[in-house]
Amino acid sequence: MNYTYILECGDGSFYTGWTNNIEKRLEAHQSGAGAKYTRGRGPIRLVCLEVYETQSEAMHREAYIKRLTRIEKLVIIHMSDWKEHLAEWGLADLALTETENVP
């Protein structure tokens, strides 16, 4: 599986990325080994997660989201029901990771 995700940084800004291992990527962001953008902007919080079959789909969605305005990103975040799908995606434990990061 491939994932497109949106993080909310401690300063209220959003970071969008893609990965094929969401657990490892979130760990990297939390430890400061993730993207340069998120370093020093912690704590970070996962606010949206989407699943795609291919890397290409995830990367295209990431590029699309990055072009959106903050308001448009907020709409995506608030309309998403990603937390309801964690178990079916094999990510039931990810809910714990997400809530631990709440400032």
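First, a word on scope: everything that follows refers to the structure included in this document. (Residues numbered from 1 in each chain as written. Predicted model: local features only at pLDDT ≥ 70, side-chain atom pairs only at ≥ 80, totals over all residues. Heavy atoms only, no water.)

Another point: the overall build of the chain. When its secondary structure is counted, the chain shows four helices and three strands. On C-alpha atoms alone, the chain measures out to a radius of gyration of 13 Å, which is about the 13 Å that the 2.2 N^0.38 rule sets for 103 residues. In terms of overall dimensions, the chain has C-alpha extents of about 30 × 30 × 25 Å along its principal axes. Looking at the 103 residues of the chain, the share that counts as buried comes to 42%. Long-range pairs, those at least 24 residues apart, make up 61% of the contacts in the chain with a sequence separation of at least 6. (Helix = DSSP H or I, 4+ residues; strand = E, 2+ residues; numbered from the N terminus. Rg over C-alpha atoms; globule rule 2.2 N^0.38 Å. Buried < 20%, exposed > 50% of the residue type's maximum accessible area, 1.4 Å probe, protein only. Contact = heavy atoms within 4.5 Å.)

To continue, consider the packing of aromatic side chains. Using the criterion set out here, one finds two aromatic pairs in the structure. Among the aromatic residues, ring-to-ring pairing joins Y5, Y15 and Y37 into one connected group. (Phe/Tyr/Trp six-rings, centres within 6.5 Å; stacked < 30°, edge-to-face > 60°.)

Where nonpolar side chains cluster on the molecular surface, the patch consists of I71, V75 and M79 and spans about 350 Å² of accessible area. As for its placement among the helices and strands, M79 is situated in helix α3 (residues 70-79). (Patch = residues over 30% accessible without salt bridge, like charges linked within 9 Å, V, L, I, M, F, W, Y side chains within 5 Å. Areas by Shrake-Rupley, 256 points an atom, 1.4 Å probe, with all protein chains shown as cover. Salt bridge = Lys/Arg side-chain N within 4 Å of Asp/Glu carboxyl O.)

Position of Q55 relative to the elements: it lies in helix α2 (residues 55-66). Classification of Q55 by relative accessible area gives partly exposed; the value is 42%. Separated by 36 residues in sequence, Q55 and T19 have C-alpha atoms that sit 8.0 Å apart. Not counting chain neighbours up to four residues away, the residues in contact with Q55 comprise N2 and W18.

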